[in-house]
Amino acid sequence: MNRIDINHKTILITGAAGFIGSNLVKRLLAETAGSSIIGIDNMNDYYDVRLKEYRIEQLKQQSHNLQSQTSSTFQFILGDIADQNTVNSIFNKYGPQIVVNLAAQAGVRYSITHPDAYIQSNIIGFYHILEACRHSYDNGKVGVEHLVYASSSSVYGSNKKVPYSTDDKVDNPVSLYAATKKSNELMAHAYSKLYNIPSTGLRFFTVYGPAGRPDMAYFGFTNKLVRGETIQIFNFGNCKRDFTYVDDIVEGVVRIMQGAPEKKNGEDGLPLPPYNVYNIGNNHPENLLNFVEILQEELIRAKVLPEDYDFESHKLLVPMQPGDVPVTYADTTALEKDYGFKPSTSLRQGLRAFAEWYAKFYH
């Protein structure tokens with residue numbers, strides 16, 4: 001592994017207004033010295049844009065408050081990685097040394113009704129990032145030292161073997177979203193092999209936390225319960241998810257940014273692809289019904305719901321939806337072995353932080 005110092009570097013983060021992206025920028029601003037952090041996001045309206053604006057506002061405020069000679073800076077660019085000129089102009093102007101590609105059209109169910117968004121952002125957008133990384137080495141330049149990109153636990157499809165290991169064959173996606181994420185891994189592998197670009201893909205497992213994505217179950221459940229509506233719990237409550245708290249995801253990303261796969265040549269004298277893929281999950285799947293019960297308790301505790309809330313009359317157990325899988329479960333031994341890290345935030349701690357944030361943001 002090639003150690004990378006992330007201080008005094010130019011770091012490009014795509015999807016910077018997103019849930020994981022904004023939390024990553026926040027962490028880098030707080031803990032790196034002298035780095036120039038460039039964030040890009042197209043601020044699309046897949047979910048409430050006010051949340052994205054809130055996240056960016058917080059980052060700008062944080063960056064403004066840090067103004068000292070040694071502190072890192074944050075600059076936000078409103079733009080779309082599906083536009084090649086935008087991507088090329090950022091690389092030409094700033095010359096990023098570390099690239100973290102988190103921009104993507106997320107969500108399994110939305111991919112059934114809006115396939116175009118996934119091809120544009122996840123395939124074409126990522127291709128533009130790969131091409132820009134490739135050309136960053138032109139004319140003998142040092143170029144990109146590490147490309148880190150988001151994949152997803154969705155690539156495992158209806159894999160019967162649990163926990164899911166990155167050694168498992170994942171050629172049977174059950175949604176277009178999953179197919180685009182698997183494609184990202186294949187594209188990155190080809191570019192790593194052809195152009196010696198050190199790349200690491202991260203398969204995220206059900207990320208949650210404050211200011212998260214409203215399309216995620218816990219957030220949607222909360223909105224519905226607050227409005228007195230009935231929530232649907234799929235697969236009759238027998239779904240299991242490896243819920244991973246956002247700070248644990250960010251910790252994993254920051255560690256991985258600092259350790260790039262090594263460039264080496266094989267016996268044929270050609271580069272072996274400096275390429276890795278890791279799971280980042282809690283390694284502890286939770287039953288959806290249990291998850292919902294803890295969420296309800298924490299929403300009552302944070303006074304989002306009244307103490308006497310009749311939860312039973314607001315829940316409906318229903319069958320599975322197309323594109324969904326019954327269980328996600330991350331094998332994280334490789335992450336532990338290579339980076340000494342394992343997510344550890346308990347579901348109650350994480351949902352408590354979410355409920356307290358929700359109470360402040362929406363009341």
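None of these values were measured; they are calculated from a predicted model. (Residues numbered from 1 in each chain as written. Predicted model: local features only at pLDDT ≥ 70, side-chain atom pairs only at ≥ 80, totals over all residues. Heavy atoms only, no water.)

This part is about the overall build of the chain. Check the secondary structure of the chain and you find eleven helices and 17 strands. Taking the principal axes of its C-alpha atoms as reference, the chain extends roughly 65 × 50 × 40 Å. Counting only residues that meet the buried cut, the chain has 55% of its 363 residues in that class. Within the chain, counting contacts between residues at least 6 apart in sequence, those at least 24 apart form 84% of the total. Summed over all atoms, the accessible surface of the chain reaches about 15800 Å², with 49% contributed by carbon and sulfur. Charge centroids of the chain, computed over 35 positive and 39 negative side chains, lie 1 Å from each other. (Helix = DSSP H or I, 4+ residues; strand = E, 2+ residues; numbered from the N terminus. Buried < 20%, exposed > 50% of the residue type's maximum accessible area, 1.4 Å probe, protein only. Contact = heavy atoms within 4.5 Å. Areas by Shrake-Rupley, 256 points an atom, 1.4 Å probe, with all protein chains shown as cover. Lys, Arg positive; Asp, Glu negative; His and termini not counted. Charge placed at Lys NZ, Arg CZ, Asp CG, Glu CD.)

Quick look at the pairing of strand β7 (residues 199-204) now. With respect to burial, β7 is a largely interior element, six of its six residues being buried. Residues Ser-199, Gly-201 and Arg-203 point to one face of β7 and Thr-200, Leu-202 and Phe-204 to the other, with burial holding for every one of them. The pairing of strand β6 (residues 146-152) with β7 spans six bridges and is classified as parallel. Considered in β7, the bridge of Tyr-149 is made with Gly-201. Remark: the β6/helix α6 (residues 176-195)/β7 crossover connection has right-handed handedness. (Pairing = 2+ DSSP bridges. Right-handed = clockwise from strand over helix to strand, strands pointing away.)

Turning our eyes to something else, we now look at the sheet that holds strand β15 (residues 275-280). If you trace the seven strands from one edge of the open sheet to the other, you get β4-β3-β2-β5-β6-β7-β15, paired in parallel fashion. Where the open sheet ends on each side, the last strands, each with one partner, are β4 (73-78) and β15. Between one strand and the next, the sheet's axes are offset by a mean angle of 15 degrees, whatever the strand orientation. Strands β2 (10-14), β3 (36-41), β4 and β5 (98-101) of the sheet are contacted by helix α3 (residues 84-94), whose axis makes an angle of about 175 degrees with β3. (Axes fitted to C-alpha atoms, helices over the stretch in contact; angles between N-to-C directions.)

Attention now goes to the side chain of Ser-22. Its location among the elements puts Ser-22 in helix α1 (residues 19-31). Exposure remark for Ser-22: the relative accessible area of 6% places this residue in the buried category. If sequence neighbours within four positions are ignored, Ser-22 has contacts with Gly-15, Ala-16, Arg-55 and Leu-59.

Alternating positions in β5 separate into two faces, Ile-98 and Val-100 on one and Val-99 and Asn-101 on the other, with burial throughout. Both β2 and β5 contribute to a ladder of four bridges, which runs parallel. Paired with Ile-13 across the bridge in β5 is Val-100. The sheet contact formed by β5 and β6 spans four bridges and is parallel. Note on β6: the bridge partner recorded for Asn-101 is Tyr-149.

This next bit is on the packing of helix α7 (residues 217-226) against helix α9 (residues 288-301). The contact between α7 and α9 brings their axes to 11 Å, and the two run at 50 degrees. By the angle between their axes, α7 is oblique relative to α9. α9 is crossed by α7, and the crossing has right-handed handedness. Contact residues: α7 offers Tyr-218, Phe-221, Thr-222 and Leu-225, while α9 offers Phe-291, Val-292, Leu-295 and Leu-299. A per-class count over the contact of α7 with α9 returns seven nonpolar, one polar and no charged. (Parallel < 35°, antiparallel > 145°, perpendicular 65-115°, else oblique. Left-handed = near helix turned anticlockwise from the far one by under 90°. Nonpolar A, V, L, I, M, F, W, Y, C, P; charged D, E, K, R; others polar.)

Most often, soluble globular proteins keep nonpolar side chains buried together rather than apart. Ranked by size, the top nonpolar core spans 73 residues in total, and within it Ile-13, Leu-24, Leu-28, Val-100, Phe-204, Tyr-218 and Met-257 carry the most contacts. If we skip the residues at most four places from it in the chain, Val-100 touches Leu-12, Ile-13, Thr-14, Leu-24, Val-148, Val-253 and Met-257. Judged by nonpolar contacts, the second largest core, of 24 residues, contains Ile-77, Ile-81, Val-99 and Ile-197. (Core = buried A, V, L, I, M, F, W, Y, C linked by side-chain atoms within 4.5 Å.)

Another aspect to go through is unusual backbone geometry. Omega for the bond connecting Val-162 with Pro-163 falls within 30 degrees of zero, at -5 degrees, which places this linkage in the cis form. Topologically, Pro-163 is positioned in the loop between β6 and α6. Look at Met-43: it is not a glycine, yet its phi comes out positive at around 50 degrees. Along the chain, the position of Met-43 falls in the loop between β3 and α2 (49-65). Relative accessible area serves as the criterion here: at 17%, Met-43 is assigned to the buried category. The residue Thr-206 is not glycine, and still its phi comes out positive at about 30 degrees. Positionally, Thr-206 belongs in the loop between β7 and β8 (207-208).

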